Amino acid sequence: MRNSFKKASMLLGIVMTASLLFSGCSKNTGATSSDKINVGALFELTGQVASYGTSEYNAVKLYIDDVNKNGGVLGKQINLIKADNKSATDESINQATKLIVEDNVVAILGPATTGNTKAASSIALSKNIPLITPSGTSFDVTVDPNTNKVKSEIFRACYTDPYQGKVMGEFAAKDLNAKTAVIYIDDKSDYSKGLAKSFKDQFEKLGGKVIDQEAYVAGDQDFKSTLTKIKGLNADVIFIPGYYQDTAKIAKQARDMGINTPLLGGDGWDSPDLLKIAGASALNNVYYSNHFISTDPDPTVQDFIKKYKDAYGTEPDAFAALAYDSAGMLVQAIKDANSTDPTKITEALANLKNFKGVTGNISIDAQHNPIKQTVIIELKDGKQTLKKKVSAE
């Protein structure tokens, strides 16, 4: 009964989405009123990765509110339309459809994760509406893997999985002088698999050897059996490219078992909840790639942190910083285009150069990825410290 109801509900959702798509205008022509520019904010506000989506929505709202207080853009106020995809791909499709067809947005900011971004992108592409994901890092977010063609309306503010995996592979080999590594992945996650592959390629290119790869299932609570096996391999480093909900538990259980090996990861480790779940003592000798660090003295960074703290009473994470930059990229593109026409906004985004963002100076490359610096963070009792900056290639 439950499965039958679920299938019927999914079918109804698909039919409703199709109905909206085909009943809408063939092309969105911009804002619905002369004094407003409708922009969609499509994020994971509930569900498994609500921490990411909430940070990103808050940062987008912060930026847009500031723009509106200062007169808006092109003499118009930005009408930010909030949408929750519930951390699910089907709801990402439904909400993207609603934003474009019913709300007549000129662009979409979000979603946060790769899977939800790809789902929403399918609708944005079909309706020629630009979409900027703050943190959808999989390479195929902006490039069709079957044709190798760039997805014309899809952009991102973050670097890609292959890039950060490569950075961490090089860090392990050159900075930590590691000769052997174990990789522990969520094998249902495109994000995790993408980082794992590029880490392995770079690490072994530099003379290292990946001696084992293990897998877990997102949401698992007990990792001790696999960690026992990993402990016996005595690798120099353990690369765990996952999201904080799982990596925090893995780190805590690993340290409880006496595994003091350096733990490496990607930007999915970054969340205020990492420390709450793992505890400070587990978060030593931990390194991960990230988009910014709050201790950076750059005035742009510190101004953002102050505004975010004042508005929400907490320090922003990297996901918030990326979302803030995404909103800034969109506003700059509207200014550069001198238009609210989605096609012209898309063209301006593709030609964006030297945008001064919180996560660095951003220029968009031919594959719609940002060219900017990367930081590697070291955790000391759970507190972030800057290990090194890696310049953009």
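The structure presented is a predicted model; accordingly, all values stated were derived computationally and were not measured. (Residues numbered from 1 in each chain as written. Predicted model: local features only at pLDDT ≥ 70, side-chain atom pairs only at ≥ 80, totals over all residues. Heavy atoms only, no water.)

Undergrad: What should I look at first to understand the overall build of the protein chain in this one?
TA: Counting its secondary structure elements, the protein chain contains 12 helices and 15 strands. Taken against the 2.2 N^0.38 rule, which gives 21 Å for 393 residues, the C-alpha radius of gyration of the protein chain at 21 Å falls within 12% of a compact globule. Buried residues in the protein chain amount to 55% of all 393 residues. Total accessible area on the protein chain stands at roughly 16,400 Å², and carbon and sulfur atoms take up 50% of it. Within the protein chain, the 45 negative side-chain charges are centred at a point lying 1 Å from the centre of the 45 positive side-chain charges. (Helix = DSSP H or I, 4+ residues; strand = E, 2+ residues; numbered from the N terminus. Rg over C-alpha atoms; globule rule 2.2 N^0.38 Å. Buried < 20%, exposed > 50% of the residue type's maximum accessible area, 1.4 Å probe, protein only. Areas by Shrake-Rupley, 256 points an atom, 1.4 Å probe, with all protein chains shown as cover. Lys, Arg positive; Asp, Glu negative; His and termini not counted. Charge placed at Lys NZ, Arg CZ, Asp CG, Glu CD.)

Undergrad: Explain the pairing of strand β2 (residues 77-84) here, please?
TA: As paired strands, strand β1 (residues 36-43) and β2 are joined by 8 bridges and run parallel to one another. In the strand pairing of β2, Ile 37 is matched with Ile 78. For the segment spanning β1, helix α2 (residues 50-69) and β2, crossover handedness is right-handed. (Pairing = 2+ DSSP bridges. Right-handed = clockwise from strand over helix to strand, strands pointing away.)

Undergrad: Would you take a moment to explain unusual backbone geometry for this structure?
TA: Among all residues except glycine, the phi angle is most often negative; among peptide bonds, the trans geometry is most common. The residue after Gly 110, namely Pro 111, is reached through a cis peptide bond having omega -5 degrees. Tracing the chain through its elements places Pro 111 in the loop between β3 (107-109) and α4 (114-126). One non-glycine residue with positive phi stands out, namely Asn 104, at about 60 degrees.

Undergrad: Honestly, α2 in this entry has me stumped. Any pointers?
TA: An α-helical turn contains 3.6 residues, so a residue and the one three or four places further along point in the same direction. Taking 1.5 Å as the rise per residue, α2 with 20 residues should run 28 Å; its terminal C-alpha atoms sit 28 Å apart, in good agreement. Counting buried residues in α2 gives 15 out of 20 residues, a clear majority hidden from the surface. Count one or two residues on from α2 and you reach Gly 71, which has phi positive near 100 degrees. (Expected span 1.5 Å × (residues − 1).)

Undergrad: What exactly am I supposed to notice about the sheet that holds strand β7 (residues 209-216) here?
TA: Within a sheet, neighbouring strands are paired by backbone hydrogen bonds and run either parallel or antiparallel to one another. The strand order β7-β6-β8-β9-β10-β14-β15 describes an open sheet built from 7 strands, whose pairing is mixed. Both edges of this open sheet fall to β7 and β15 (383-390), since each of them pairs with a single strand only. The sheet shows a mean angle of 25 degrees between the axes of neighbouring strands, taken without regard to direction. Across 7 bridges, strand β6 (residues 180-186) lies against β7 in parallel orientation. Residue pairing across strands places Asp 186 opposite Tyr 216, the latter belonging to β7. Contacting β6, β7, β8 (237-239) and β9 (263-265), helix α6 (residues 190-205) runs over the sheet at an angle of about 170 degrees to β6. (Axes fitted to C-alpha atoms, helices over the stretch in contact; angles between N-to-C directions. Contact = heavy atoms within 4.5 Å.)

Undergrad: Would you mind going over empty space enclosed by the protein with me for this structure?
TA: Picture a little ball the size of a water molecule; that probe, rolled over the atoms, points out where space is still empty. Enumeration over the complete set of coordinates arrives at 1 cavity of 30 Å³ or more. Of the pockets and cavities examined, the largest cavity occupies roughly 60 Å³. In terms of lining residues, the largest cavity is bounded by Tyr 52, Ala 112, Thr 113, Thr 114, Ser 135, Thr 137, Tyr 191, Tyr 243, Asp 267, Gly 268 and Phe 319. (1 Å grid on protein atoms, 1.4 Å probe; cavity = no way out; pocket = protein on both sides within 12 Å on 5 of 7 lines; lining within 4 Å. Points joined across faces, edges and corners; volume = space filled by probe spheres on them.)

Undergrad: Help me understand the pairing of β6, please; the structure alone is not making it clear to me.
TA: Each regular strand carries side chains that alternate between the two faces of the sheet. Counted residue by residue, β6 has 6 buried out of 7 residues, so it is predominantly covered. As a crossover connection, the stretch from β6 through α6 into β7 is right-handed. Of the strand pairs in this sheet, β6 and β8 are connected by 3 bridges, and their pairing is parallel. Looking at the pairing, Val 182 lines up with Ile 238 of β8.

Undergrad: Is there a simple way to explain helix α10 (residues 299-312) in this structure?
TA: With 14 residues, α10 ought to run about 20 Å at 1.5 Å a step, and its terminal C-alpha atoms sit 20 Å apart, in line with that. Along α10, the residues classified as buried are Val 301, Phe 304, Ile 305 and Tyr 308. The arc enclosing the buried residues of α10, seen along the axis, measures out at 100 degrees, which places them on a common side. Those residues of α10 that are exposed and angled more than 90 degrees off the buried face are Pro 299, Lys 306 and Asp 310. Where α10 is buried, its residues meet α2 and α11 (318-337). Positive backbone phi, at 75 degrees, marks Gly 313, one or two positions downstream of α10. (Arc of directions from axis to C-beta.)

Undergrad: So what exactly am I meant to see when it comes to the side chain of Glu 56 here?
TA: Along the polypeptide, Glu 56 turns up in helix α2. The side chain of Glu 56 is buried and forms no salt bridge, while Lys 372, the nearest opposite charge, is found at 10 Å. For Glu 56, the contacting residues outside a window of four places in its chain are Phe 43, Pro 111, Ala 112, Pro 134, Ser 135, Phe 319 and Ala 323. (Salt bridge = Lys/Arg side-chain N within 4 Å of Asp/Glu carboxyl O.)

No statement about biological role is implied by the geometric values presented.
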